[in-house]
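Chain and residue survey
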Amino acid sequence: MTNYFNTLSLRDQLKQLGKCRFMDTSEFADGVSALKGKKIVIIGCGAQGLNQGLNMRDSGLDIAYTLREAAIAEKRASYINATENGFKVGTYEELVPTADLLINLTPDKQHTHVIKSVMPLMKKGATLSYSHGFNIVEEGMQIRKDLTVIMVAPKSPGSEVREEYKRGFGVPTLIAVHPENDPEGKGLAQAKAYAAATGGHKAGVLESSFVAEVKSDLMGEQTILCGLLQTGSILCFDKMLEKGIDPGYASKLIQYGWETITEGLKYGGITNMMDRLSNPAKIKAFDLSEELKEIMRPLFQKHMDDIMSGHFSKTMMEDWANDDKNLLTWRAATGETAFEKTPAGDQKISEQEYYDKGVLMVAFVRAGVELAYEAMTESGIIGESAYYESLHETPLIANTIARKKLFEMNRVISDTAEYGCYLFDHACKPLLKDFMKKIDTDVIGKAFGEGRGNGVPNAKLIEVNKTLREHPVEKVGARLRASMTAMKPIV
Ligand SMILES: NC(=O)C1=CN([C@@H]2O[C@H](COP(=O)(O)OP(=O)(O)OC[C@H]3O[C@@H](n4cnc5c(N)ncnc54)[C@H](OP(=O)(O)O)[C@@H]3O)[C@@H](O)[C@H]2O)C=CC1
Ligand SMILES: CC[C@](O)(C(C)=O)C(=O)O
Ligand SMILES: [Mg+2]
Ligand SMILES: [Mg+2]
């Protein structure tokens, strides 16, 4: 098989990268009806599989799980996930032939093997669905021509797909129909119903393409969403320990700080997050983030270029062939970091204190969101897609760090995302070595400018506010957040 994207003409590459239409809520007036009464079988009951299935069943759909025989025989976690939640479980032979819609939610590295196992069992005219475009785009998987192929990709970790649904909201979702597989023209209606069943239509749905989803998803997860939060956690924690801050306090400030400061981002964009700081702290965070953007921009661009060329996928698939040696080594090394090994203290930290004593963390978030948005849109990804993949998903990832630090983030995200996160982290930490030498506790661990009042030069404050507000991510974000009327506060 060959990389599907690299077989396309530049014209078609740009066309598929640029496919991104924000769907009006009125387009979901039919709700789940296109799938009502259909047999829906999910392969895999992991981070996405379990949580999407729970939402879809609560939305009135007929959901069952098919697991590999070993998972059933050994009663593995996936089997426990499904049975303890009251779902029917069966083998491929038992359930795949009955499926009107077969949803592949197994790890990307298993997709070719899984699809080759189940495709012969699928009934004529059935639909196959993915939540990530990797197998179709990066591996060039060819699907039987009588089958419809769709994608419903939540821009969120699986755990938050469920948590936001339970709050009466949802997570932004990209839907797509593979142009090579829509023989009956039913793909879009089914993808819309599937997205509505997961609650995605309440947050925002983009009619997109497999290509646009995979290229943006790989970029978001490797950089701002997982890589930079990992790098920032480790560097900020080590700096606070170096400067004598109580380890338990430092651990808590970071573990819960990302969630708290990015809640401001989720509600009001970078502008609102920065407005939560005092004037002096805002200007300091702005200046730090400008410096961070200059230092990290080449790294963000390299990740985007390596994703577009297929070099990233080739590198990761070499690790698959080597039994995930790098992934497992890097996962173990992350678990040995001081941040991961230091429990959060029981000190009280108010919501505002996380902003006031986390100025450097605010700077990391602004720099990372803007760099990721810029790199994606400069490479053909449309702004709405880049917004969901950078600004809106950062707080959802931060929620996982609040639960159980980087361990939980790396457990819940896909192995693909975890691999890319480590690649970025390993490259970013050395890049920031000189920058971190100048950092002191006034911007991480202690309140910036405490006791020095709120006065700043008007001209500088006006310039900072103008720059923040005029970034394209703020303009796109204001439009998209206007339709998020069901969004609920979590901090
Ligand atoms: N994690 C996330 O938040 C997101 C993931 N995605 C995409 O969703 C898809 C699923 O990812 P994710 O939920 O993280 O996956 P997980 O690793 O959480 O779960 C994988 C599931 O697949 C099963 N599985 C593993 N290997 C095989 C195999 N060879 N044959 C059959 N079943 C297998 C596992 O069960 P067992 O090992 O017990 O058989 C488990 O139930 C991926 O395409 C990913 O890119 C998209 C958005 C976000
Ligand atoms: C951010 C990582 C992700 O893309 C996701 C949760 O959306 C993944 O693949 O896990
Ligand atoms: Mg993603
Ligand atoms: Mg991903």
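Residues numbered from 1 in each chain as written. Chains lettered and ligands numbered in written order. Predicted model: local features only at pLDDT ≥ 70, side-chain atom pairs only at ≥ 80, totals over all residues. Heavy atoms only, no water.

Looking at the magnesium ion (ligand 4), one finds its protein donor set to be D217 (OD) and E221 (OE), positioned 2.0 Å from the metal centre. Taken as an interatomic distance, the gap from the magnesium ion (ligand 4) to the magnesium ion (ligand 3) is 3.4 Å; D217 donates to each of them. On the criterion of helical spacing, the pair formed by D217 and E221 is a turn pair, its members being 4 residues apart in helix α11 (residues 210-225). E221 matches D217 in its accessibility class, with the two residues each being buried. (Donors = N, O, S within 2.8 Å, 3.2 Å for Na, K, Ca; no water. Helix = DSSP H or I, 4+ residues; strand = E, 2+ residues; numbered from the N terminus. Buried < 20%, exposed > 50% of the residue type's maximum accessible area, 1.4 Å probe, protein only.)

For ligand 2, the full set of nearby residues is S156, P157, D217, E221, L225, C226, E393, I397, I413, S414 and A417. In this structure, D217 approaches ligand 2 through a side-chain N or O atom, which is 3.0 Å from an oxygen atom. Its free accessible area being 280 Å², ligand 2 has 91% of it covered by the protein chains. Among the elements of the structure, α11 and α20 (383-412) are those that each provide at least two residues to the shell around ligand 2. (Near = heavy atom within 4 Å. Polar contact = N/O pair within 3.5 Å; in protein donor to acceptor, adjacent residues only side chain to side chain. Areas by Shrake-Rupley, 256 points an atom, 1.4 Å probe, with all protein chains shown as cover.)

So, on to the domain arrangement of the protein. Many authors give the size of an interface as the accessible area that is lost as the parts come together. Under the domain assignment, the protein is made up of domain 1 (20-208) and domain 2 (217-483). Averaged C-alpha coordinates put domain 1 and domain 2 at centres separated by 30 Å. Across the contact, 24 residues belong to domain 1 and 29 residues belong to domain 2. Around 2,200 Å² of area is buried between domain 1 and domain 2 when both sides are counted, 62% of it from carbon and sulfur atoms. By the criterion of area lost to domain 2, the three top residues of domain 1 are K109, F134 and K155, representing 27% of everything that side buries. Counting across the interface, domain 1 meets domain 2 through 6 salt bridges. The partner of R403 in a salt bridge is E160, with the nearest N and O atoms 2.4 Å apart. At the junction of domain 1 with domain 2, the criterion picks out 10 residue pairs in polar contact (both at pLDDT 80 or more). When residues of the side of domain 1 that touches domain 2 are traced back to their parent elements, those giving at least two are α9 (158-166) and β9 (205-207). With 4 residues, α9 is the single largest residue contributor to the side of domain 1 that touches domain 2. (Domains from an automatic or database assignment. Contact = heavy atoms within 4.5 Å. Buried area = accessible area lost by both parts, 1.4 Å probe. Salt bridge = Lys/Arg side-chain N within 4 Å of Asp/Glu carboxyl O.)

The next point concerns the packing of aromatic side chains. For the structure on display, the rule yields 9 aromatic pairs. Judged by centre distance (5.4 Å) and plane angle (85°), the rings of F300 and F424 are edge-to-face. Linking F300 in helix α14 (residues 279-309) with F424 in helix α21 (residues 415-431), this pair joins segments that are 124 residues apart in sequence. Of the two residues, F300 and F424, both sit in the buried class. Here the aromatic cluster, defined as three or more aromatic residues joined through ring pairs, consists of F312, W330, Y419 and Y422. (Phe/Tyr/Trp six-rings, centres within 6.5 Å; stacked < 30°, edge-to-face > 60°.)

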